[in-house]
Amino acid sequence: MEALLKETLNTSTLKRTGQGGGGCINQGEAFITDTGTYFVKSNGKSKAKVMFDGEMASLIAIAATNTVHVPKPIKVLNNPKGGSSIVLEYLEMKGLRKYSRRLGHELAKLHQHNINLGIRARRLENSVTKPKEASKETKDTEEGATEEAEPPKYITQFGFHTNTCCGYIAQENTWSDDWLTFFAQQRLQHQFSLLEKEYGDRDTLGLWSQLQLKLPKFFKDIQIEPSLLHGDLWGGNAAEVSSGPVVFDPASFYGHHEYELAIAGMFGGFTASFYEAYHSHFPRAHGFDSRHKLYQLFHYLNHWNHFGSGYKSSSMSVMRSLLKGDY
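Now for a quick tour of the structure. None of these values were measured; they are calculated from a predicted model.

Here the focus is the overall build of the protein. Within the protein, the secondary structure is distributed over ten helices and eleven strands. For the protein, the proportion of its 327 residues judged to be buried stands at 52%. In the protein, once contacts between residues fewer than 6 apart in sequence are set aside, the share between residues at least 24 apart is 67%. Split by element, the accessible area of the protein, about 15,600 Å² in all, is 48% carbon and sulfur.

Right, dumping it as structure tokens:
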């Protein structure tokens with residue numbers, strides 16, 4: 001792997017720094033080279049390339065909006081011993097404190113970016129580019145390297161041009177004209193299908209069959225436009241550098257902006273100032289609290305599928321609460 005990294009980074013020097021990372025899914029390490037310091041994240045699973053290709057596409061898409069800082073992706077590599085790695089710009093990061101409020105503003109600007117493109121397109125009466133035509137965020141070059149993304153075009157549908165992974169489970173991102181259909185089928189139903197295959201839990205599937213019928217009530221009288229999302233913004237995927245906040249490990253797609261705050265609220269790490277700043281751009285709409293629980297349900301199910309039945313009770317509790325709730 002070191003020889004491959006030297007070739008990729010065009011360096012004769014590759015010195016390990018001993019600085020790690022990568023979270024509970026991957027392994028990460030920083031390397032000093034002739035051309036700078038880079039962070040390499042690796043995973044030995046056979047389908048790791050799908051995960052890292054999705055991460056690279058997500059980072060490129062977010063960076064192209066010029067709203068919130070992300071590490072620059074360099075290349076996805078096939079590991080000779082199995083699995084894959086992604087090479088990233090190295091950033092000297094520390095815990096998010098000083099720039100928490102600023103991140104709230106910048107996240108809102110990320111979510112507003114595609115909406116603003118739509119406003120401009122309608123004002124100029126330009127023809128709208130469909131996602132299937134505009135989806136090539138990068139141009140493939142030799143051996144999987146990428147060129148800089150073109151300026152973003154207005155996206156009218158929900159989804160993404162490639163699969164992305166929330167954890168190591170691939171998210172199906174086929175384009176859909178309707179957010180509720182996309183969320184119900186490509187997020188919740190996918191998770192329940194995995195649970196049925198692994199656990200065959202009748203109680204959980206019974207609650208889901210009831211909840212499906214009530215889903216439209218959560219979205220009554222609200223209009224949803226596609227926003228580019230980070231997709232997995234919990235406290236462990238946000239930090240700061242000397243110049244401002246930074247987010248990383250994205251699982252992007254175009255979806256409802258409220259979806260982003262679900263996992264952010266599950267594990268802490270974000271201050272009141274972060275939420276105040278965000279909601280100064282996107283005030284809470286009617287039914288926000290119920291939809292917030294509904295979006296958190298996806299993440300509880302996803303954690304159940306990743307880490308086991310310790311998340312079953314939380315998933316069941318959220319479903320029961322949603323079934324009893326007022327809308």
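That was the structure; now back to the text.
This structure, assessed with the given rule, holds 21 aromatic pairs. On the basis of an interplanar angle of 35 degrees and a centroid distance of 6.2 Å, the ring pair of Trp 175 and Tyr 254 is categorised as tilted. Linking Trp 175 in the loop between strand 7 (169-171) and helix 5 (179-198) with Tyr 254 in strand 11 (residues 253-255), this pair joins segments that are 79 residues apart in sequence. Given a relative accessible area of 5%, Tyr 254 falls into the buried group. Measuring from ring centre to ring centre gives 5.8 Å for Trp 179 and Phe 182, while their planes differ by 25 degrees; the resulting arrangement is stacked. Here the residue Trp 179 and the residue Phe 182 both occupy positions in helix 5, the gap between them amounting to three residues, near one helical turn. Accessibility classification places Trp 179 together with Phe 182 in one group, the buried group. Site record: aromatic cluster; members linked through ring pairs are Phe 158, Trp 179, Phe 182, Phe 183, Phe 219, Phe 253, Tyr 259, Tyr 295 and Phe 298. When the ring centre of Tyr 168 is taken as origin, the NZ or CZ atom of Lys 45, which lies over that ring, is 4.9 Å away. The ring of Phe 253 is capped by Arg 187, whose NZ or CZ atom sits 4.3 Å from the centre of that ring.

At Asn 10, a residue that is not glycine, the phi angle is positive and equals roughly 55 degrees. Judged by relative accessible area, which is 66%, Asn 10 ranks as exposed.

Okay, the state of the cysteines next. Between two cysteines, a covalent bond joining their sulfur atoms is known as a disulfide. Using the criterion set out here, one finds zero disulfides in the structure. Distance from the sulfur of Cys 165, which forms no disulfide, to the nearest cysteine sulfur (Cys 166) is 9.0 Å. With a relative accessible area of 3%, Cys 166 lands in the buried category.

Our focus in this paragraph is the pattern of salt bridges. Throughout the structure, instances matching the rule amount to ten salt bridges. Between Lys 49 and Asp 53 there is a salt bridge whose closest N-O contact spans 2.8 Å. In this pair, Lys 49 and Asp 53 are both assigned in helix 2 (residues 48-64), four residues apart and thus about one turn of the helix distant. Note on Lys 49: relative accessible area 32%, which makes it partly exposed. For Glu 258, the salt bridge identified is with Arg 291, shortest N-O distance 2.7 Å. Taken as a pair, Glu 258 in the loop between strand 11 and helix 7 (261-264) and Arg 291 in helix 9 (residues 288-307) lie far apart in primary sequence, 33 residues in all. Comparing Glu 258 with Arg 291, the two get one shared label, buried. Shared partners join several salt bridges into a network, and the residues in it are Glu 2, Arg 16 and Glu 29.

Conventions we followed
- Residues numbered from 1 in each chain as written.
- Predicted model: local features only at pLDDT ≥ 70, side-chain atom pairs only at ≥ 80, totals over all residues.
- Heavy atoms only, no water.
- Helix = DSSP H or I, 4+ residues; strand = E, 2+ residues; numbered from the N terminus.
- Buried < 20%, exposed > 50% of the residue type's maximum accessible area, 1.4 Å probe, protein only.
- Contact = heavy atoms within 4.5 Å.
- Areas by Shrake-Rupley, 256 points an atom, 1.4 Å probe, with all protein chains shown as cover.
- Phe/Tyr/Trp six-rings, centres within 6.5 Å; stacked < 30°, edge-to-face > 60°.
- Lys NZ or Arg CZ within 6 Å of the ring centre and 35° of its normal.
- Disulfide = S-S within 2.5 Å.
- Salt bridge = Lys/Arg side-chain N within 4 Å of Asp/Glu carboxyl O.

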